[in-house]
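An overview of the molecular structure
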Amino acid sequence: MSASMQLHYVVSSEDFTRAGEASSDVKSKLKKLGFSPDVVRRVAIVMYEGEINMVIHANGGEIEVVISEEEVIMKLEDHGPGIADVEQAMQEGFSTAPDNIRTLGFGAGMGLPNMKKYADVMEIQTKINVGTTVLMKVAVS
């Protein structure tokens, strides 16, 4: 691949039937492009976790993905309530998901920690009542 590929996804709020479609699509494209199984797995994990967070907490949002020979860059942007305490939200097991979401098997408090664990770079910009932008990068080599 000599040029980068840019992808755009819209994530709907509270639509658990479609949650994960963007990460599945990127995973499929990375496989077809011949990326290593490790890169494909890591990108799929961080995108899925971010996508689910957007569905549960942030009234949906948009994801921009840039795939190049050097890295996969994912920018997840929402207009949700923002994250009140990023440091606390990064703690494994901490969750603000309501009980009805937990009943569905989500909201275990592993989303942000898993995103941090599997991305090479993760930056969070958040503002209360405005929204959150998460930028993640996974290096190809």
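The text that follows walks through the structure, step by step, so that each part is easy to find. (Residues numbered from 1 in each chain as written. Predicted model: local features only at pLDDT ≥ 70, side-chain atom pairs only at ≥ 80, totals over all residues. Heavy atoms only, no water.)

**Focus: the nonpolar core**
Ranked by size, the top nonpolar core spans 34 residues in total, and within it V26, L30, V43, I63, V65, M74 and M136 carry the most contacts. Listing elements by their share of this core, those giving two or more residues are β1 (5-11), α1 (21-32), α2 (37-57), β2 (61-67), β3 (71-78), α5 (111-118) and β5 (131-139). Here the element with the most residues in this core is α2; it accounts for nine residues. Not counting residues up to four positions away in its chain, the partners in contact with I63 are L7, H8, Y9, V11, A22, M47, E51, M54, K75 and L76. (Core = buried A, V, L, I, M, F, W, Y, C linked by side-chain atoms within 4.5 Å. Buried < 20%, exposed > 50% of the residue type's maximum accessible area, 1.4 Å probe, protein only. Helix = DSSP H or I, 4+ residues; strand = E, 2+ residues; numbered from the N terminus. Contact = heavy atoms within 4.5 Å.)

**Remarks on the pattern of salt bridges**
Within the structure shown, the criterion is met by five salt bridges. The partner of K29 in a salt bridge is D25, and the shortest N-O contact between them spans 3.0 Å. Pair noted here: K29 and D25 are both in helix α1, with a separation of four residues, about one helical turn. Here D38 makes a salt bridge to R41, at a shortest N to O gap of 3.0 Å. Taken as a pair, D38 and R41 lie in helix α2 at a separation of three residues, close to a single helical turn. A relative accessible area of 37% means that D38 is categorised as partly exposed. R41 gets classed as partly exposed once you look at its relative accessible area, which sits at 39%. Through salt bridges that share partners, D38, R41, R42 and D120 make up one connected network. (Salt bridge = Lys/Arg side-chain N within 4 Å of Asp/Glu carboxyl O.)

**Re the environment of L112**
By the secondary structure assignment, L112 is in helix α5. A residue is classified by how much of its surface remains accessible, and L112, at 10% relative accessible area, is buried. Linking L112 and F94, residues 18 residues apart in sequence, is a C-alpha distance of 9.7 Å. Sequence-distant contacts of L112, defined by excluding residues within four places in its chain, comprise N53, I83, A89, M90, M122 and I124.

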